[in-house]
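If you want the building blocks of each chain, they are given just below.
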Amino acid sequence: LGKYCAANGLYTRARNQFIEAQKLDPSLNLDAEMGECRAGTAETVLAKAQKLADQGRTKDAFRASADVIRAYPGSPAADEARKLNKAAHEKLVAERAAKVEAREAAHAQEELKPINKEIARATDLNTKGLQDKSQSGSKREFEASIQNYKHAVSKLEKLIKQSKHN
């Protein structure tokens, strides 16, 4: 029964059958069959890991390939699992870095909002100054515009200093 299970890819059941057979007859030498079950199981788990990777389930593929490496370290499947594990690890690291970068970019956009508002206000004041028909009104708008630009530059410089320290 164990050989039938092994021939049909049911390696865990085959292994269990071989163990049971050895219990019933301790003189049986089933080392080759047990080795075949181990190799078959390793290949099955490796195939599962590869399928998970192909489905984009990188974290699961990483874990499954690590299981092959841990459980069957000297097998040919473990050699392939190491390659898959390395690729999955690199992909996970890249995904994590992209998430961090996206969070930081969103945070930077939030920090820039008040500066952008200050610049928009300065631009509006500048436009008003250009459209004002009186010289004193134009001068007042231009001066206010310059102050807003200076304030925006000051805020931006502080933000740059903070980001350099972080």
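The structure this text deals with has already been given above.
What this report covers is the structure whose coordinates are included nearby. (Residues numbered from 1 in each chain as written. Predicted model: local features only at pLDDT ≥ 70, side-chain atom pairs only at ≥ 80, totals over all residues. Heavy atoms only, no water.)

Another aspect to go through is the overall build of the chain. Check the secondary structure of the chain and you find 6 helices and 0 strands. Helices (α) and strands (β) of the chain occur, in sequence order from the N terminus, as α-α-α-α-α-α. Its C-alpha atoms give the chain a radius of gyration of 34 Å, more than 25% over the compact-globule value 15 Å for 166 residues. Expressed as lengths along the three principal axes of its C-alpha atoms, the size of the chain is roughly 110 × 30 × 20 Å. A total of 166 residues make up the chain; the buried ones form 26% of that total. Summarising the internal contacts of the chain: among those between residues at least 6 apart in sequence, 46% fall at separations of at least 24. When the accessible surface of the chain is totalled, it reaches about 12000 Å², and 54% of it is carbon and sulfur. Positive and negative side-chain charges in the chain, numbering 30 and 23 respectively, have mean positions lying 6 Å apart. (Helix = DSSP H or I, 4+ residues; strand = E, 2+ residues; numbered from the N terminus. Rg over C-alpha atoms; globule rule 2.2 N^0.38 Å. Buried < 20%, exposed > 50% of the residue type's maximum accessible area, 1.4 Å probe, protein only. Contact = heavy atoms within 4.5 Å. Areas by Shrake-Rupley, 256 points an atom, 1.4 Å probe, with all protein chains shown as cover. Lys, Arg positive; Asp, Glu negative; His and termini not counted. Charge placed at Lys NZ, Arg CZ, Asp CG, Glu CD.)

We now examine helix 2 (residues 11–24). For helix 2, built from 14 residues, the straight-helix expectation of 20 Å at 1.5 Å per residue is met to within 8% by its first-to-last C-alpha distance of 20 Å. Here helix 2 has its buried residues at Tyr-11, Ala-14 and Phe-18. What you see down the axis of helix 2 is that its buried residues fit within an arc of 55 degrees, all on one side. When the buried face of helix 2 is taken as reference, the exposed residues oriented beyond 90 degrees from it are Thr-12, Arg-13, Lys-23 and Leu-24. (Expected span 1.5 Å × (residues − 1). Arc of directions from axis to C-beta.)

Turning next to a positive patch on the surface. On the surface, Lys-59, Arg-96, Lys-99 and Arg-103 cluster together to form a positively charged patch. It is helix 5 (residues 76–131) that provides the largest number of residues to the positive patch, a total of 3 residues. (Patch = residues over 30% accessible without salt bridge, like charges linked within 9 Å, V, L, I, M, F, W, Y side chains within 5 Å. Salt bridge = Lys/Arg side-chain N within 4 Å of Asp/Glu carboxyl O.)

Below, the discussion takes up the nonpolar core. Side chains of nonpolar character tend, in soluble globular proteins, to be buried together. Ala-42, Leu-46, Ala-49, Leu-52, Ala-61, Ala-64, Val-68, Tyr-72, Ala-77, Ala-81 and Leu-84 form the largest nonpolar core, which has 11 residues in total. Secondary-structure elements contributing two or more residues to this core are helix 3 (31–54), helix 4 (58–71) and helix 5. In terms of residue count, the dominant contributor to this core is helix 3 (4 residues). Among all residues touching Leu-52, those that are not within four sequence positions of it are Arg-57, Asp-60, Ala-61 and Ala-64. Core analysis: the next-biggest nonpolar cluster, separate from the first, contains 7 residues, Phe-18, Leu-30, Met-34 and Cys-37 among them. (Core = buried A, V, L, I, M, F, W, Y, C linked by side-chain atoms within 4.5 Å.)

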